[in-house]
Amino acid sequence: MTVPDRVDTDIQSAVVLYEVRDTGVAVVTLNRPERMNAWGDGLAAAFYAALDSAEADPAVRAVVLTGSGRAFCAGADMGDLSSISGTAIGGDTDVDKLVGERHPLFVTTLRKPVIAAINGACAGIGMTQALMCDVRFVARSAKFTTAFARRGLIAEYGISWILPRLIGVSAALDLLLSGRKVGAEEAVELGLAKEVVADDDLLQRAIAYAEDIAAQCSPSSLAVIKQQVYSDIMRDVVSASARAETLMHESLQRPDVIEGITSFFEKRPPQFPPLKGQC
């Protein structure tokens, strides 16, 4: 990884690295390479702290999520799982502590695009986390697996909601019931990822994609579009269309529209204002 433009020392930790580039892209790196970035040992808290920082920083317009070493995230830390007690009365279970204070679905609620650069093994809760990102690039050597059924588990923490919506019910059932491994090329064919990239070029490709969004797209528009897509999944088409009409009228009141049209006719990059408050 290149030297970051800015490192937030309040977020930086041993298990999650956080950097903000001057192009408006924050890079979040899961950093337990000796454990294949397995979900455990404080990773969840550091991960969500990094996302909170990116969400609150007006200089950040897009986020790239990746892993260090040869894995994106190989699932829950098996060492932690081996000592888990699944029962609790009036309090959190050990599983809750392992997963963290929020579920993977939280990523879909962020107002800024989250781009996953899947650099290697992506399994279990790691796969769920990757699927909750908005766009995924995958290294040629990467492998996906749900793995749950092969560990005596179920389709956990939202993967049974997101996976059929990305690749269809039949294909989702294939991956969930078999727990088989899926290579990079098949992942793109199924719709799990946008494109396959050579391992050495993966992070820069994902960052370049995020930088284009940061430079060319209105932060306010991005926030509203993300909210539309994830909430409209649960609506019928008539309700979704009516909601879009309301949001369109609201967007016409923002300066982003004038800037978008003016920059187009003046043939220059747009200078959209940063995202402020709630949309």
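Shown above is the structure to which this text applies.
Let me sum up the structure you'll find in this document. Owing to the predicted nature of the structure, the values given are computational and were not obtained by experimental measurement.

## Here we look at the sheet that holds strand β10 (residues 182–183)
Inference 1: Spatially, the 4 strands line up as an open sheet ordered β5-β7-β9-β10, and their pairing is mixed. Where the open sheet ends on each side, the last strands, each with one partner, are β5 (71–73) and β10.
Inference 2: Here β5 runs beside strand β7 (residues 121–123); their pairing, made up of 2 bridges, is parallel. Looking at the pairing, Ala71 lines up with Ala121 of β7.

## A closer look at the state of the cysteines
Inference 1: Counted under the stated rule, the structure contains 0 disulfides.
Inference 2: Considering cysteine sulfurs only, Cys122 is the nearest to Cys73, which forms no disulfide, with 7.3 Å between them.

## What about helix α6 (residues 159–167)?
Inference 1: Residues of α6 that are buried: Ile159, Ile162, Leu163 and Ile167. Seen along its axis, α6 keeps its buried residues to an arc of 100°; they face one direction.
Inference 2: Remark: Gly168 follows α6 within two positions and exhibits a positive phi of approximately 95°.

## Focus: the nonpolar core
The tendency in soluble globular proteins is for nonpolar side chains to be buried as a group.
Inference 1: Core analysis: the biggest nonpolar cluster contains 70 residues, and Phe47, Val64, Leu163 and Leu192 have the highest contact counts within it.
Inference 2: A per-element tally of this core places helix α1 (residues 43–56) first, with 8 residues.
Inference 3: If we ignore the near neighbours within four places in the chain, the residues touching Leu192 are Met127, Leu131, Arg136, Phe144, Leu163, Ile167, Leu175, Val182 and Ala187.

## Some thoughts on the packing of aromatic side chains
Inference 1: Enumeration according to the criterion identifies 4 aromatic pairs in this entry.
Inference 2: An angle of 70° between the planes, with centres 5.1 Å apart, marks the rings of Phe137 and Tyr209 as edge-to-face. Separated by 72 residues along the polypeptide, Phe137 in strand β8 (residues 135–139) and Tyr209 in helix α9 (residues 202–216) bring together distant segments of the chain.
Inference 3: Three or more aromatic residues joined by ring pairs make a cluster, and in this case those are Trp39, Phe47, Tyr48 and Phe106.

## Comments concerning the environment of Pro58
Inference 1: With respect to the helices and strands, the residue Pro58 is situated in the loop between α1 and β4 (62–67).
Inference 2: Classification of Pro58 as partly exposed rests on a relative accessible area of 44%.
Inference 3: Separated by 216 residues in the primary sequence, Pro58 and Pro274 place their C-alpha atoms 5.5 Å from one another.
Inference 4: With residues up to four places along the chain from it excluded, the contact list for Pro58 reads Lys112, Pro274 and Leu275.

Criteria and cut-off values
- Residues numbered from 1 in each chain as written.
- Predicted model: local features only at pLDDT ≥ 70, side-chain atom pairs only at ≥ 80, totals over all residues.
- Heavy atoms only, no water.
- Pairing = 2+ DSSP bridges.
- Helix = DSSP H or I, 4+ residues; strand = E, 2+ residues; numbered from the N terminus.
- Disulfide = S-S within 2.5 Å.
- Buried < 20%, exposed > 50% of the residue type's maximum accessible area, 1.4 Å probe, protein only.
- Arc of directions from axis to C-beta.
- Core = buried A, V, L, I, M, F, W, Y, C linked by side-chain atoms within 4.5 Å.
- Contact = heavy atoms within 4.5 Å.
- Phe/Tyr/Trp six-rings, centres within 6.5 Å; stacked < 30°, edge-to-face > 60°.

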